[in-house]
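Report on the structure
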Amino acid sequence: MRCGRIQKLLEERGETSLSPVDRQHLEACPDCRLYARDWSMLTQGLKLISQEPIPEPSLGFSARLLRRLDEENAPGFLRPEFYENAGRRVIFATLVLVFTLLLAMALPASGPVRHKPNVDTYWPQPEVLTTRNAPVYVGSFPPVPAWVEVKSVSYHWR
Amino acid sequence: MESNAQERLEVEWIRRAQQGDHEAFGLLVEQYQRRVFSTVFHLVHQQNEVEDLVQEIFIKTFRAIRSYNFRAPFGAWVARISVNHCYDYLRRKRSSRLNYYWQLSEDSRRMLERGLEPQQRESPPSIEEQAVLKDLVKKLLDRAPAEDRMVLVLKEIDNLSVEEISEVLNWSVSKVKVRLHRARKRMLADLKRCR
């Protein structure tokens, strides 16, 4: 508990801010001592970095900047963002197209997507109904409308 | 009195720049370029990249200047654009998590350790020790996540207060404090791991 408090104090205010009791703890506790050493090393390094000379803007920096702004405002100039956005849209459209094609290929050849659904009304087709040891009746019941062509009506034995 | 006149002048430049006046914007650039150079240099540490980045920052500033509403100081607003731009740059150019510490020569490492011994701490470090230490801390900063680096640079190198950092990063003061503590801890842990 005390170690955490002392380490936070070291970070925020430095070693000089410690009370005599905390300082005693710092001397006695190897963890806190190591922490103080590392922290002092980091702050020294950061301080050295802050003292480095900052690069000066080169001669005519602002003139070049203003020229670039003028060029950008000239009619017919398309900003790089335009190309970026256009490129993004093209990629998105291509992805959607590829996805749709893949989906279409993955679907079975029959089914509601590929074929029109059958007409709701069901007319019995002339088909053979078989049951074991029983005469097969190809029915015309209910009555088949006149326009349905019935090719053969016969009894079959199996 | 003089600062008031300067402020009024600055407001006039900003208003003119908002109407598309490049000349007025040029005056603002002249006024803030050193500050932006300093922030970018400390965040990026790439001397050859600084000028390009600063130019991009000012172009961004000009494009966004119409949205500036005079609530925050103009300097803090520009600093926010600079920091965000550097943040994007750092995320793009994320340095690899290679351990640089072992790239220090054996002599340098020994020198560094010797310079940090308690009995030696009273005497100022030699120029060689300073160079080694600066190099190590720079490398640790390069390895740190972009957010840690930003908050540490603004606090420890640019010497901004927590309140100023909160204005620049658009974070709450408590968030800045928490992030700062976490960034320091992470950097110390990184240092320990290198040992």
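In short, a report on the structure. (Residues numbered from 1 in each chain as written. Chains lettered and ligands numbered in written order. Predicted model: local features only at pLDDT ≥ 70, side-chain atom pairs only at ≥ 80, totals over all residues. Heavy atoms only, no water.)

**Examining the overall build of chain B**
- From N to C terminus, chain B includes 9 helices and 0 strands.
- Moving toward the C terminus, one meets the helices and strands of chain B in the order α-α-α-α-α-α-α-α-α.
- Of all 195 residues assigned to chain B, the portion counted as buried reaches 48%.
- Long-range pairs, those at least 24 residues apart, make up 63% of the contacts in chain B with a sequence separation of at least 6. (Helix = DSSP H or I, 4+ residues; strand = E, 2+ residues; numbered from the N terminus. Buried < 20%, exposed > 50% of the residue type's maximum accessible area, 1.4 Å probe, protein only. Contact = heavy atoms within 4.5 Å.)

**Focus on the overall build of chain A**
- Per the secondary structure count, chain A includes 5 helices and 0 strands.
- Sequence-ordered secondary structure for chain A, helices as α and strands as β, is α-α-α-α-α.
- By the burial criterion, 23% of the 158 residues in chain A qualify as buried.
- In chain A, once contacts between residues fewer than 6 apart in sequence are set aside, the share between residues at least 24 apart is 19%.

**Topic: the nonpolar core**
- One finds B:Phe25, B:Val40, B:Phe58 and B:Phe74 to be the most contacted residues of the largest nonpolar core, which totals 76 residues.
- A total of 11 residues in this core trace back to one element, the largest contributor, which is helix α2 (residues 22–44) of chain B.
- Split by domain, the residues of this core number at least three in each of domain 1 (2–50) and domain 2 (61–106) of chain A.
- For B:Phe25, the residues in contact, after removing those within four places along its chain, are A:Leu65, A:Leu66, A:Leu69, B:Ala17, B:Phe58, B:Thr61, B:Phe62 and B:Ile65. (Core = buried A, V, L, I, M, F, W, Y, C linked by side-chain atoms within 4.5 Å. Domains from an automatic or database assignment.)

**A word on the pattern of salt bridges**
- Scanning the entire structure with this criterion turns up 15 salt bridges over all chains.
- We note a salt bridge from A:Glu84 to A:Arg88, for which the minimum N-O separation is 3.0 Å. Taken together, the residues A:Glu84 and A:Arg88, both in helix α5 (residues 80–106) and 4 residues apart, mark about one turn of the helix.
- According to the relative accessible area criterion, A:Glu84 is partly exposed, its value standing at 47%.
- Here the salt bridges do not stand alone but share partners, grouping A:Glu11, B:Glu156 and B:Arg184 into one network. (Salt bridge = Lys/Arg side-chain N within 4 Å of Asp/Glu carboxyl O.)

**Some remarks on α2(B)**
Residue and element names in this part refer to chain B.
- With 23 residues, α2 ought to run about 33 Å at 1.5 Å a step, yet its terminal C-alpha atoms sit only 28 Å apart, falling short of that.
- A maximum bend of about 50° is found in α2 at Tyr-32.
- Backbone nitrogen of Glu-23 and a side-chain oxygen of the N-cap are separated by 2.9 Å at the start of α2; the cap is Asp-21.
- Remark: His-45 follows α2 within two positions and exhibits a positive phi of approximately 60°. (Expected span 1.5 Å × (residues − 1). Bend = angle between axes of the 7 residues up to and from the residue. Polar contact = N/O pair within 3.5 Å; in protein donor to acceptor, adjacent residues only side chain to side chain.)

**Comments concerning the interface of chain B and chain A**
- Each side of the interface is counted separately: chain B has 45 residues, and chain A has 38 residues.
- Roughly 4300 Å² of surface becomes buried between chain B and chain A when both sides are summed, with 64% attributable to carbon and sulfur atoms.
- Interface area lost by chain B to chain A is led by B:His22, B:Arg63 and B:Leu188, which between them contribute 15%.
- At the boundary of chain B with chain A, the tally comes to 5 salt bridges.
- For the pair chain B and chain A, the number of links is 8 residue pairs in polar contact (both at pLDDT 80 or more).
- Among the elements that line the side of chain B that touches chain A, the one with the most residues is α2(B), at 11 residues.
- Of the residues in the side of chain B that touches chain A, the class split is 21 nonpolar, 10 polar and 14 charged. (Buried area = accessible area lost by both parts, 1.4 Å probe. Nonpolar A, V, L, I, M, F, W, Y, C, P; charged D, E, K, R; others polar.)

**Re the packing of aromatic side chains**
Residue and element names in this part refer to chain B.
- Tallied over the full model, the rule gives 8 aromatic pairs over all chains.
- Centre to centre, the rings of Phe-25 and Phe-58 are 6.4 Å apart; their planes meet at 80°, and the pair counts as edge-to-face. Separated by 33 residues along the polypeptide, Phe-25 in helix α2 and Phe-58 in helix α3 (residues 47–64) bring together distant segments of the chain. Considered together, Phe-25 and Phe-58 belong to a single accessibility category, that of buried residues. (Phe/Tyr/Trp six-rings, centres within 6.5 Å; stacked < 30°, edge-to-face > 60°.)

**Considerations on unusual backbone geometry**
Residues and elements named next belong to chain B.
- The residue Asn-159 is not glycine, and still its phi comes out positive at about 55°.
- Among the structural elements, Asn-159 can be located in the loop between α7 (146–157) and α8 (162–169).
- One non-glycine residue, Asn-170, adopts positive backbone phi at about 60°.
- Note on placement: Asn-170 falls in the loop between α8 and α9 (173–194).

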